[in-house]
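# Results of the structural survey
Each chain is listed here by its residues.
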Amino acid sequence: FSSRRRHTRYWRDWSSDVCSSDLGSGNEYSMLPEIMLGVSRKIMLHADAILTDRSNRFKAAGGGVYVKYRFFSADDVHSHFRMACFGRVTRNNGPVFDNTINLQQQNSGAELGLVATRLKNKVTLSLSASWLRASDNKSNEGIGYDVYRNKALAASLSVGKLMLPKVYEDYRQVNLNAMVELLGQAGQTNPGLDKNNYLDLAPSLQLILLSKVRVELGYRFPLINNTDRVFDRSFLLRAEYNFFNLF
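Residues numbered from 1 in each chain as written. Predicted model: local features only at pLDDT ≥ 70, side-chain atom pairs only at ≥ 80, totals over all residues. Heavy atoms only, no water.

In terms of regular secondary structure, the protein is built from zero helices and 13 strands. Listed N to C, the secondary structure of the protein is β-β-β-β-β-β-β-β-β-β-β-β-β in terms of helices and strands. Partitioning the intrachain contacts of the protein with sequence separation of at least 6 by distance along the chain shows that 54% fall at a separation of at least 24. As displayed, the protein has an accessible area near 13,200 Å², and 61% of this comes from carbon and sulfur atoms. (Helix = DSSP H or I, 4+ residues; strand = E, 2+ residues; numbered from the N terminus. Contact = heavy atoms within 4.5 Å. Areas by Shrake-Rupley, 256 points an atom, 1.4 Å probe, with all protein chains shown as cover.)

Laid out in structure tokens, this is it:
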């Protein structure tokens, strides 16, 4: 949301992140190192690894590939409107504990979706919708794979505002962005069972230095939780460094 050109941040677009989620009487920590490559003005590629401490030490549980293609862009000096399609494929060999689909932490599977972003002066509004399908992790732990709960629809709505600087002078100024995001998912259920959906709220603060370094801190918690989730509350710490014009 800075006054310079940026990619909109979504909760699932983590890179070099650490996430802590309530797990029984303690916490579980996940680290997701990620490499992002801007192939062109329209195509962005991501590759990430999933590391967790479920065995009391960090070890690799899987990884994924994410691609986004911007098919529409209407840019002006202080505003723009952009639309993109995206897809993700994840392989995870860890246990599944939740009824919901989480391709960042526990599920193998695929996701396809659309995202639209509107920037006007210092305020950004973004809306996304996607379809998810989980596949079998082939793990002997957790609740296992359920064919009645392997599909879901997800959506998010986010609003962000550039708080600092008040007046833009050059790229060396520190940028402070405040953001709040609604994230929801509606999944399949076994015949005759209760609903399987949730709606979360995720406020966050983002600090950008020299237009290259980004540090972000956020917290996510449920507003509506009509399902069983281990990862219903989490905090996010993200660190990112951008290289420009490498080739």
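Next comes the rest of the account.
Turning our attention to the packing of aromatic side chains. Counted under the stated rule, the structure contains five aromatic pairs. When the ring of tyrosine 29 is compared with that of phenylalanine 235, the centres are 6.5 Å apart and the planes differ by 70°; the resulting orientation is edge-to-face. You can see tyrosine 29 sitting in strand 2 (residues 26-32) and its partner phenylalanine 235 sitting in strand 13 (residues 234-241), a full 206 residues away along the chain. Given a relative accessible area of 31%, phenylalanine 235 falls into the partly exposed group. We note arginine 229 situated over the ring of tyrosine 198; from NZ or CZ to the ring centre the distance is 3.9 Å. (Phe/Tyr/Trp six-rings, centres within 6.5 Å; stacked < 30°, edge-to-face > 60°. Buried < 20%, exposed > 50% of the residue type's maximum accessible area, 1.4 Å probe, protein only. Lys NZ or Arg CZ within 6 Å of the ring centre and 35° of its normal.)

It is worth spelling out the pattern of salt bridges at this point. Should the charged atoms of two oppositely charged side chains come close, the side chains can pair. Per the stated rule, a full pass over the model turns up seven salt bridges. Linking arginine 82 and aspartate 75 is a salt bridge whose minimum nitrogen-to-oxygen distance equals 3.2 Å. For arginine 82, a relative accessible area of 13% gives the class buried. Across the salt bridge formed by glutamate 240 and arginine 238, the nearest N and O atoms sit 2.4 Å from each other. With respect to class, glutamate 240 is no different from arginine 238; both count as buried. It is possible to trace a salt-bridge network through shared partners that takes in Asp200, Arg220 and Arg229. (Salt bridge = Lys/Arg side-chain N within 4 Å of Asp/Glu carboxyl O.)

In terms of strand pairing, strand 9 (residues 151-164) meets strand 10 (residues 175-187) through twelve bridges, oriented antiparallel. Looking across to strand 10, one finds that serine 158 is bridged to glutamate 181. With twelve bridges joining them, strand 10 and strand 11 (residues 197-209) adopt antiparallel strand pairing. Pairing of leucine 183 across the sheet is with aspartate 200, part of strand 11. (Pairing = 2+ DSSP bridges.)

Ile101, Leu103, Leu132, Ala134, Ala152 and Ala154 together form the largest nonpolar core, which totals six residues. Breaking this core down by element, the ones donating at least two residues are strand 8 (123-135) and strand 9. (Core = buried A, V, L, I, M, F, W, Y, C linked by side-chain atoms within 4.5 Å.)

Further remarks concern unusual backbone geometry. Residue proline 165 is reached from leucine 164 by a cis peptide bond, and omega for that bond is 0°. Mapped onto the secondary structure, proline 165 falls in the loop between strand 9 and strand 10. Of note, the phi angle at asparagine 121 is positive, near 60°, even though the residue is not glycine. Its place among the elements puts asparagine 121 in the loop between strand 7 (108-120) and strand 8. Taking relative accessible area as the criterion, asparagine 121 reaches 52% and is therefore assigned exposed.

Glancing now at the pairing of strand 6 (residues 79-92). Relative to strand 6, strand 5 (residues 59-75) runs antiparallel, the two being bridged by 13 bridges. The partner of aspartate 75 across the bridge, within strand 6, is histidine 80. Here strand 5 folds back onto strand 6, and the loop between the two strands holds three residues. Note: strand 6 against strand 7, twelve bridges, orientation antiparallel. Opposite alanine 84, over in strand 7, you have valine 115 as the bridge partner.

A few words now on the environment of leucine 132. Relative to the elements of secondary structure, leucine 132 occurs in strand 8. Separated by 22 residues in the primary sequence, leucine 132 and alanine 154 have C-alpha atoms spaced 7.5 Å apart. Excluding residues that lie within four positions of it along the chain, leucine 132 makes contacts with Ile101, Leu103, Ala110, Glu111, Asn150, Lys151, Ala152, Leu153 and Ala154.

By themselves, these are just geometric observations and shouldn't be taken as functional.
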